[in-house]
Number of protein chains: 2
Amino acid sequence: MSAFERETSVRPIADGIWAVHLSADWNIGDSANGGYALSPVLRALRDVGEHPDPISVTTHFLRPVRGGGEATVTTRLIRTGRTVSVATGTLHHAGHDRLVVNAVFGDVDSPDEAIIAVPAPQLPPPEECAAREGGAQGVELPIAGRVEVRIPPNRVVGGSDEAVMEGWIRLADGTPPSTMTLPLFADAFPPSLFPKLGRVGWVPTIELTVHVRRRPAAGWIQARLECDDLSGGRMIETGTLWDSTGRVVARSRQLGLLLNS
Amino acid sequence: MSAFERETSVRPIADGIWAVHLSADWNIGDSANGGYALSPVLRALRDVGEHPDPISVTTHFLRPVRGGGEATVTTRLIRTGRTVSVATGTLHHAGHDRLVVNAVFGDVDSPDEAIIAVPAPQLPPPEECAAREGGAQGVELPIAGRVEVRIPPNRVVGGSDEAVMEGWIRLADGTPPSTMTLPLFADAFPPSLFPKLGRVGWVPTIELTVHVRRRPAAGWIQARLECDDLSGGRMIETGTLWDSTGRVVARSRQLGLLLNS
């Protein structure tokens with residue numbers, strides 16, 4: 001069993017209530033990575049409906065998840081139909097609701113080529129890119145032991161005049177990507193503001209929506225995330241993930257705060 | 001009182017329960033426009049928290065709203081803090097839940113210019129653009145009496161080799177735009193697939209998220225919506241709205257189905 005499977009697994013303890021043991025090994029600094037923290041909720045929600053793949057995953061981050069340990073997930077099936085199910089779930093930890101996930105599940109199996117798609121930009125291969133370093137962000141990165149991120153030289157902190165983050169990502173234990181790990185991957189890169197503006201502060205997410213488009217092939221996932229909207233201390237970041245065959249496998253958009261550190 | 005105010009108004013009838021009379025005057029064909037149908041829920045949610053502006057509005061469309069008439073909204077405050085509130089609400093009509101709105105409220109008043117923003121493309125002025133016509137979409141458009149939409153010649157059905165919809169929008173009774181009408185405006189244009197592919201079918205929305213960025217100035221709102229992802233019968237459409245001063249006032253993204261008609 002992969003570390004991701006094991007450390008996001010949920011156990012039913014009552015009708016619509018699930019237990020999960022949160023690991024601190026997915027932390028960025030003192031807090032769980034958002035993509036990790038939403039994953040046990042997503043797993044519980046998948047079990048609530050009858051469709052295998054999350055096709056739309058909206059997470060509202062209410063409070064940080066600190067320290068790990070025992071937590072509960074409460075779920076409610078909103079609607080189930082022939083092609084999609086809709087369900088909502090909340091992660092409760094250390095006395096408070098921490099995040100809410102509203103997800104649509106369906107089946108992304110499709111033999112068709114995409115009719116319209118964003119092409120994957122050319123990037124240096126992973127071996128010519130640098131590992132994500134906590135030092136450049138001023139935090140410890142326990143998550144680096146769980147998720148490998150490779151960033152090309154022109155996207156390091158302060159390295160670009162574009163607010164664009166790019167690179168490669170995969171699970172560190174060699175587990176191939178799946179439709180369940182793509183939301184994690186969409187939220188595991190440094191903020192796209194950092195290449196342009198430097199380490200300007202902390203960029204907590206208010207709301208993140210990930211649309212899974214296709215079941216990913218084995219290998220590295222390529223990512224491109226851009227902030228094209230920064231105003232009044234809030235920013236919008238838009239992302240695309242491609243698999244090792246160059247196909248789009250997920251899209252993302254988030255609303256985040258820019259808090260000066 | 002504007003038609004929008006009157007026809008989206010909610011009346012508390014119990015703790016967390018609101019009554020609304022849905023009007024059929026915002027229909028596209030037989031169904032209420034999604035942006036209209038979500039608006040009474042958004043108004044109830046604003047009353048639940050303590051912040052004036054919706055800054056993130058995610059709607060899951062479960063079933064069409066047909067026929068109008070009496071409906072109820074149930075609301076729940078998820079979290080309220082100093083800068084933002086998060087709340088969820090459901091529209092119940094004719095025996096079924098029809099849509100769920102998860103919204104974050106804050107205050108978009110900001111004297112700052114945007115630090116990063118998408119510039120408004122040049123468009124012919126509204127008087128050189130055509131009114132949205134139901135005939136081109138094969139449906140009646142009662143909503144045309146409530147919302148004026150103007151589309152430039154190169155964005156009519158089948159008129160472009162890009163999956164881009166552009167144009168101008170405002171309330172028909174002259175009421176200026178507000179942060180509460182921007183989600184409506186983000187969902188009131190014909191599908192961005194139509195200029196490229198023609199009237200290929202019905203494009204129901206599964207999930208729509210609108211981020212309101214700024215309080216809009218009076219006058220026409222300019223919009224640009226693009227589908228850059230169509231695969232397996234599902235499409236992603238991304239939009240930007242600008243006010244009459246050229247400032248970005250909202251961003252949108254939706255996951256929709258493409259159903260051949």
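Heads up: the structure comes first, above all this text.
Source: prediction; values computed, not measured.

Thresholds applied
- Residues numbered from 1 in each chain as written.
- Chains lettered and ligands numbered in written order.
- Predicted model: local features only at pLDDT ≥ 70, side-chain atom pairs only at ≥ 80, totals over all residues.
- Heavy atoms only, no water.
- Helix = DSSP H or I, 4+ residues; strand = E, 2+ residues; numbered from the N terminus.
- Rg over C-alpha atoms; globule rule 2.2 N^0.38 Å.
- Buried < 20%, exposed > 50% of the residue type's maximum accessible area, 1.4 Å probe, protein only.
- Contact = heavy atoms within 4.5 Å.
- Areas by Shrake-Rupley, 256 points an atom, 1.4 Å probe, with all protein chains shown as cover.
- Lys, Arg positive; Asp, Glu negative; His and termini not counted.
- Charge placed at Lys NZ, Arg CZ, Asp CG, Glu CD.
- Expected span 1.5 Å × (residues − 1).
- Bend = angle between axes of the 7 residues up to and from the residue.
- Polar contact = N/O pair within 3.5 Å; in protein donor to acceptor, adjacent residues only side chain to side chain.
- Buried area = accessible area lost by both parts, 1.4 Å probe.
- Salt bridge = Lys/Arg side-chain N within 4 Å of Asp/Glu carboxyl O.
- Nonpolar A, V, L, I, M, F, W, Y, C, P; charged D, E, K, R; others polar.
- Phe/Tyr/Trp six-rings, centres within 6.5 Å; stacked < 30°, edge-to-face > 60°.

### A short note on the overall build of chain A
When helices and strands are tallied, chain A shows 5 helices and 17 strands. Over its C-alpha atoms chain A spans a radius of gyration of 17 Å, differing by no more than 12% from the 18 Å that the globule rule assigns to 261 residues. Its C-alpha atoms give chain A principal-axis dimensions of about 50 × 45 × 40 Å. When the 261 residues of chain A are sorted by exposure, 59% land in the buried category. The contacts in chain A between residues at least 6 apart in sequence include a share of 69% that link residues at least 24 apart. Surface summary for chain A: the accessible area is close to 9,900 Å², and the carbon and sulfur share equals 49%. For chain A, the distance from the average site of its 25 positive side-chain charges to the average site of its 30 negative ones is 3 Å.

### Notes on the environment of A94 of chain A
Residues and elements named next belong to chain A. Structurally, A94 is set in the loop between β7 (85-93) and β8 (96-106). Under the relative-accessibility criterion, A94 is labelled exposed at 56%. Taking C-alpha positions, A94 is 7.4 Å from A71, a pair spaced 23 residues apart along the chain.

### Let's talk about helix α2 (residues 34-48) of chain B
Residues and elements named next belong to chain B. The terminal C-alpha atoms of α2 lie 22 Å apart, and with 15 residues this matches the ideal 21 Å at 1.5 Å per residue to within 8%. Bending of α2 peaks at approximately 30 degrees at the position of P40. Considered for burial, the residues of α2 that qualify are G34, G35, Y36, A37, L38, S39, P40, V41, L42, R43, A44 and L45. Of the residues that open α2, the one with a side-chain oxygen 3.0 Å from the backbone nitrogen of G35 is N33.

### Thoughts on the interface of chain A and chain B
A common way to state how big an interface is: give the accessible area lost once the parts meet. Taken together, the 47 residues of chain A in the interface contact 47 residues of chain B. Of the roughly 4,200 Å² buried between chain A and chain B, counting both surfaces, carbon and sulfur atoms make up 54%. Looking only at chain A, the three residues that lose the most surface to chain B are I116, R213 and R253 of chain A, adding up to 18% of its buried area. Across the chain A-chain B interface, the total number found is 6 salt bridges. In this structure, R251 of chain A and D228 of chain B form a salt bridge, with 2.9 Å as the shortest nitrogen-oxygen distance. In this structure, the connection of chain A to chain B is made through 22 residue pairs in polar contact (both at pLDDT 80 or more). Elements with a minimum of two residues in the side of chain A that touches chain B: β5 (53-61), β6 (69-80), β8, α5 (193-197), β13 (205-212), β14 (221-231), β15 (234-242) and β16 (248-257) of chain A. If one sorts the elements of the side of chain A that touches chain B by residue count, β16 of chain A sits on top with 6 residues. Taken together, the residues of the side of chain A that touches chain B break down into 21 nonpolar, 14 polar and 12 charged.

### Comments concerning the packing of aromatic side chains
Pairs of aromatic rings are described using the distance from one ring centre to the other and the angle between the two planes. Residues and elements named next belong to chain A. All told, the structure shown has 4 aromatic pairs over all chains when counted by the stated rule. With a centroid separation of 6.0 Å and an interplanar angle of 70 degrees, the aromatic rings of F4 and W26 are classed as edge-to-face. Here F4 is found in helix α1 (residues 3-7), whereas its partner W26 is found in the loop between β2 (17-22) and β3 (27-28), with 22 residues between them in sequence. Just as F4 is buried, W26 falls in that class too. Relative to Y36, the ring of W26 lies with its centre 5.0 Å away and its plane at 0 degrees, an arrangement referred to as stacked. Highlighted residues: W26 in the loop between β2 and β3 and Y36 in helix α2 (residues 34-48), separated in sequence by 10 residues. Side by side, W26 and Y36 carry an identical accessibility label, which is buried. Among the aromatic residues, those joined into a cluster by ring pairs are F4, W26 and Y36.

### Details of the environment of Q254 of chain A
Mapped onto the elements, Q254 of chain A comes out in strand β16. Between the C-alpha atom of Q254 of chain A and that of T238 of chain A, which follows or precedes it by 16 residues, the distance is 6.7 Å. Those residues in contact with Q254 of chain A, other than ones at most four positions away along the chain, are D187, T205, E207, L208, M235, I236 and E237 of chain A together with H211 of chain B. One polar contact links Q254 of chain A to T205 of chain A, side chain to side chain, over a distance of 2.8 Å.

### Details of the pattern of salt bridges
It is possible for side chains bearing opposite charge to pair when their charged atoms get close. Inspection of the entire model under this criterion finds 34 salt bridges over all chains. Of the charged contacts in the structure, one is a salt bridge between D229 of chain A and R213 of chain B, with a shortest N-O distance of 2.8 Å. Taken together, the positions of D229 of chain A in strand β14 and R213 of chain B in the loop between β13 (205-212) and β14 (221-231) put the pair across two chains. By the burial criterion, D229 of chain A is buried, and R213 of chain B matches it. Put simply, R224 of chain B and E226 of chain B hold a salt bridge, and the shortest N to O gap is 3.0 Å. The class of E226 of chain B is partly exposed, set by a relative accessible area of 29%. One network of salt bridges, in which partners are shared, links R155, E162, E166, R224 and E226 of chain A.

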